[in-house]
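# Examining the three-dimensional arrangement
What follows is the residue order along each chain.
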Amino acid sequence: MLKPKITATRELVSLDGLWAFAVDDDAVPEPWTAPLATTREAPVPASYNDLFTDPEIRDHVGWVWYQRTVRVPRGWAGERVVVRVDAATHAGVVYVDDHRVAAHEGGYLPFEIDVTDVVSPGAEFRLTIGVSNELTPETIPPGEIVERPDGRRSQTYLHDFYNYAGLARSVWLASRPAVHVDDVTVVTGIDGADGIVDYRVDVVGNAAVRVRLLDESGVEVAAADGAAGTLRVPDATLWRPGAAYLYTLVAEAVVADAVVDEYPQTVGIRTVAVDGGRFLINGEPFHFTGFGKHEDSAVRGKGHDDAYLVHDFELMHWIGANSFRTSHYPYAEEVMDYADRHGIVVIDETPAVGLNKAIGGGIGIVGTDGTRFQDQFGPGLQEAHKREIRGLIARDKNHPSVVMWSIANEPDSMSEGTDEYFAPLFSLARELDPSRPVTFVNVMLAPPEVCRVSKYADVLCLNRYYGWYVDGGDLASAEANLERELRAWAEKYGKPMIMTEYGADTIAGFHSVWDQPWTEEYQVRLLDVYHRVFDRIPTMIGEQVWNFADFQTSSGFFRVDGNKKGVFTRDRRPKAVAHALRARWTAPRAND
Ligand code: GCB
């Protein structure tokens, strides 16, 4: 799905700002036929949960309503008019005046609605967006709604981050011509010094297609006619980690020699491959350094914020991180574009987190009772999971920063039925995008002897908490057990391995001369243990610490104001470990 842009043939109006806001007590949204009776206003983009003092809003389970008036620019006569919602977490319905025009499920991917037939250029309309935060046994991520004895409904879920909801990303009103470019797909290659760009352009309506490839200074370096083809770029400048270079493919829809629509798609020429125990970018071995992140900040919740975007990338650059994982859901498109422009490598993850009844909220290990995986959740789960894989690849397929798809985080991969559940999901991702490796992130409960799913992954991504949930406070045992397990993986599969999570909760300002969990020193020493082990295992090709920053979780009694495994605090101040990581990640690597 193309991101809306302003071009010579398209216009765009941001609908961000303050919207009227109200919660709805009904489980099922009714058609919206009146102005919202409320004095509350909520900013878009932002999660709504932490904005207000009323606990009824923070703990609300069900639908909320956002509403504003929108004027269609008068110059848009003859154009298609589209409302684009970058995300409605976790389900959205859209009304234009009294017309229900769209419904969407899944909280972290965009959807758009052609509203041309129900709006008029120059006139206003009332735009109402309902958003539901409900998670059920067949949503991705899954959850359950529990009815309390006093009638209150409360939401439970199995993942370890707060269930922020609302319109956390931008909303747009966009124009586009009736005959238009509907989609662009690029896959790049390298042939000697030349870059190869395979492209496909889908058009709505009857039009010929022309493409031009421009370099960063706007000079045309290749061109072609036709909806699909291959461009050769002599002496191409490659997109490299830490040294981004972006060409622009201008896709034109042409009718009777006139360009009726044009869409510019950025293109980074690079290749990605797994070769034995190595991960290659442009044919060169790549070692991942960086983090699992979250979209999370005070007050905004998961609301996208360009200031945090720039600052987070600045801190990643400062510390020597060359990559991150979009744990545990697709991030805002602004983040992906920024990674493209700044040469940061991304492992792009679906929102399939918490598909594991053996873990309580990412922390308590509760064990499974032997029930077949498919019977632990709703029958619609796999379909919803497929929809998320399709949506993620459709949205992010053209980002050079994305080097691998992660189809799930820490699902149950050992119960009966997991093989049958996951095999088709790997096939689907590979069929949709044969150009990138596909992985899933393995949980500590499923070591090599019992994991039924790792055989499908191109790269083994492992989350391990030796020295924390296991061997807590005993770093000598942690080191021995970690090394034993990693060697077992290496021996069984020989595939490249990335430690996609390792870390320790740490309260900034807690100190000790002993191996005392929660202190800054312990976090430093625990990471040292892991790094020593990694450096002894040749197929360890990456280290992504959990987490970039402290983040909010559902409270329970296991978390004190959230998860504190951040290398930075929630307001992005470095803990001692940040300096230690910086020393490691900015030093030349032994085999570089
Ligand atoms: C995990 C999960 C992550 C949690 C983390 C923790 O394995 O993938 O979502 O936040 O552990 O800190 O417990």
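Residues numbered from 1 in each chain as written. Predicted model: local features only at pLDDT ≥ 70, side-chain atom pairs only at ≥ 80, totals over all residues. Heavy atoms only, no water.

### Structural notes on the overall build of the chain
In terms of helices and strands, the chain carries nine helices and 32 strands. Taking 2.2 N^0.38 as the reference for a compact globule, 592 residues should give roughly 25 Å; the C-alpha atoms of the chain span a radius of gyration of 24 Å, in line with that estimate. When the backbone C-alpha atoms are referred to their principal axes, the chain occupies close to 70 × 70 × 45 Å. Summed over all atoms, the accessible surface of the chain reaches about 22900 Å², with 51% contributed by carbon and sulfur. Charge-centre separation for the chain: the mean point of 58 positive side chains lies 2 Å from the mean point of 87 negative side chains. (Helix = DSSP H or I, 4+ residues; strand = E, 2+ residues; numbered from the N terminus. Rg over C-alpha atoms; globule rule 2.2 N^0.38 Å. Areas by Shrake-Rupley, 256 points an atom, 1.4 Å probe, with all protein chains shown as cover. Lys, Arg positive; Asp, Glu negative; His and termini not counted. Charge placed at Lys NZ, Arg CZ, Asp CG, Glu CD.)

### Focus on the pairing of strand 7 (residues 99-105)
The pairing of strand 6 (residues 91-96) with strand 7 spans six bridges and is classified as antiparallel. Bridging from a neighbouring strand, A91 pairs with E105 of strand 7. Between strand 6 and the antiparallel strand that follows it, strand 7, lie two residues; D97 among them carries a positive phi value of about 50°. (Pairing = 2+ DSSP bridges.)

### What to know about helix 2 (residues 306-319)
For helix 2, built from 14 residues, the straight-helix expectation of 20 Å at 1.5 Å per residue is met to within 8% by its first-to-last C-alpha distance of 20 Å. All buried positions along helix 2 are accounted for by L309, D312, F313, L315, M316 and I319. Down the axis of helix 2, the sector holding all buried residues measures 155°, keeping them to one side. Turned more than 90 degrees from where helix 2 packs its buried face, A307 and H317 sit exposed. Here the buried face of helix 2 lies against strand 23 (288-292), strand 24 (323-325), helix 3 (333-342) and helix 9 (576-586). Near the N-terminus of helix 2, the side chain that reaches the backbone nitrogen of A307, with its oxygen 2.7 Å away, is that of D305. Positive phi shows up at G320, right after helix 2, with a value of about 90°. (Expected span 1.5 Å × (residues − 1). Buried < 20%, exposed > 50% of the residue type's maximum accessible area, 1.4 Å probe, protein only. Arc of directions from axis to C-beta. Contact = heavy atoms within 4.5 Å. Polar contact = N/O pair within 3.5 Å; in protein donor to acceptor, adjacent residues only side chain to side chain.)

### What to know about the sheet that holds strand 21 (residues 278-281)
Here we have three strands laid out as an open sheet, ordered 20-21-22, and antiparallel in their pairing. Either end of the sheet is taken by a strand with one partner, and the two such strands are strand 20 (272-275) and strand 22 (284-285). By the bridge criterion, two bridges tie strand 21 to strand 22 in an arrangement that is antiparallel. Looking at strand 22, one finds that I281 is bridged to E284.

### Quick word on the nonpolar core
In this structure, F291, F313, I319, I407, F422, L486 and V567 are the most contacted members of the largest nonpolar core, which totals 85 residues. Per element, the largest residue contribution to this core is eight residues, and it comes from helix 8 (residues 520-534). Two domains share this core, each providing at least three of its residues, namely domain 1 (11-176) and domain 3 (273-586). Within the second largest apolar cluster, 32 residues are counted, among which are V44, V70, A102 and A165. (Core = buried A, V, L, I, M, F, W, Y, C linked by side-chain atoms within 4.5 Å. Domains from an automatic or database assignment.)

### Thoughts on the packing of aromatic side chains
For the structure on display, the rule yields 35 aromatic pairs. Arranged with centres 4.8 Å apart and planes meeting at 70°, the rings of F313 and Y338 form a pair that is edge-to-face. Residue F313 is located in helix 2, and its partner Y338 is located in helix 3; the two are separated by 25 residues in the primary sequence. Using a relative accessible area of 6% as the deciding quantity, one classes F313 as buried. In this arrangement the basic side chain of K293 is found over the ring face of F548, its NZ or CZ atom lying 4.8 Å from the centre. (Phe/Tyr/Trp six-rings, centres within 6.5 Å; stacked < 30°, edge-to-face > 60°. Lys NZ or Arg CZ within 6 Å of the ring centre and 35° of its normal.)

### Things to note about the site of the ligand
In the neighbourhood of the ligand, 15 residues make up the surrounding shell, with D160, H328, E410, Y469 and K565 lying closest. A distance of 2.5 Å separates an oxygen atom of the ligand from a polar atom in the side chain of D160. With the chains in place, 97% of the 320 Å² that the ligand exposes on its own is no longer accessible. Partitioning the shell around the ligand into residue classes produces five nonpolar, five polar and five charged. (Near = heavy atom within 4 Å. Nonpolar A, V, L, I, M, F, W, Y, C, P; charged D, E, K, R; others polar.)

### Let's talk about the domain arrangement of the chain
Accessible area lost on assembly of the parts is the figure often given for the size of an interface. Domains assigned within the chain are domain 1 (11-176), domain 2 (180-270) and domain 3 (273-586). Using C-alpha coordinates to define each centre, domain 2 is positioned 33 Å away from domain 3. Taking both sides of the interface into account, the surface hidden between domain 2 and domain 3 amounts to around 1300 Å²; carbon and sulfur atoms contribute 54%. Run the count over domain 2 and domain 3 and you get one salt bridge. One salt bridge connects K397 with D183, and the closest N-O pair in it is separated by 2.7 Å. The tally of links between domain 2 and domain 3 comes to nine residue pairs in polar contact (both at pLDDT 80 or more). (Buried area = accessible area lost by both parts, 1.4 Å probe. Salt bridge = Lys/Arg side-chain N within 4 Å of Asp/Glu carboxyl O.)

### Focus on the sheet that holds strand 7
Strand order in the open sheet formed by six strands is 3-2-4-9-6-7, and the pairing between neighbours is antiparallel. Sheet topology places strand 3 (41-44) and strand 7 at the edges, where each strand pairs with a single neighbour. The average angle at which neighbouring strand axes cross in this sheet is 30°, direction not considered. Two strands pair when backbone bridges link them, and strand 2 (residues 17-23) and strand 4 (residues 63-71) are joined in this way by four bridges, in the antiparallel orientation. Following the sheet pairing, A20 is matched in strand 4 by Q67. (Axes fitted to C-alpha atoms, helices over the stretch in contact; angles between N-to-C directions.)

### Concerning the packing of helix 7 (residues 475-493) against helix 8
Between helix 7 and helix 8, the shortest axis-to-axis distance is 10 Å and the interhelical angle comes to 30°. Comparing the axis directions of helix 7 and helix 8 gives the class roughly parallel. The way helix 7 lies across helix 8 gives a crossing that is right-handed. Across the interface between the two elements, L475, E479, L482, E483 and L486 from helix 7 touch Y522, R525, L526, V529, Y530, R532, V533 and F534 from helix 8. Per-class residue counts for the contact of helix 7 with helix 8 are nine nonpolar, no polar and four charged. (Parallel < 35°, antiparallel > 145°, perpendicular 65-115°, else oblique. Left-handed = near helix turned anticlockwise from the far one by under 90°.)

### Comments concerning the side chain of N356
Within the element layout of this structure, N356 appears in the loop between strand 25 (345-349) and strand 26 (359-360). From its side chain, N356 meets the backbone oxygen of P411 in a polar contact 3.5 Å long. When sequence neighbours within four positions are dropped, the list of residues in contact with N356 reads L158, F377, E410, P411, D412 and V443.

### Section: the pairing of strand 12 (residues 171-176)
Burial analysis of strand 12 places six of its six residues in the buried class, which makes it a mostly covered element. Sheet analysis places strand 1 (residues 12-14) next to strand 12, joined by three bridges and oriented antiparallel. Pairing of S14 across the sheet is with W172, part of strand 12. Sheet topology places strand 5 (residues 80-85) next to strand 12; six bridges connect them, and they run antiparallel.

### Here's the deal with the pattern of salt bridges
For the structure on display, the rule yields 45 salt bridges. The closest approach of N and O atoms between R464 and E485, which form a salt bridge, is 2.8 Å. With R464 in the loop between strand 30 (460-463) and helix 7 and E485 in helix 7, this residue pair connects regions lying 21 residues apart in the sequence. Take R464: its relative accessible area is 0%, and that puts it in the buried class. Each of E479, E483, R487, R532 and R536 takes part in a single network of salt bridges with overlapping partners.

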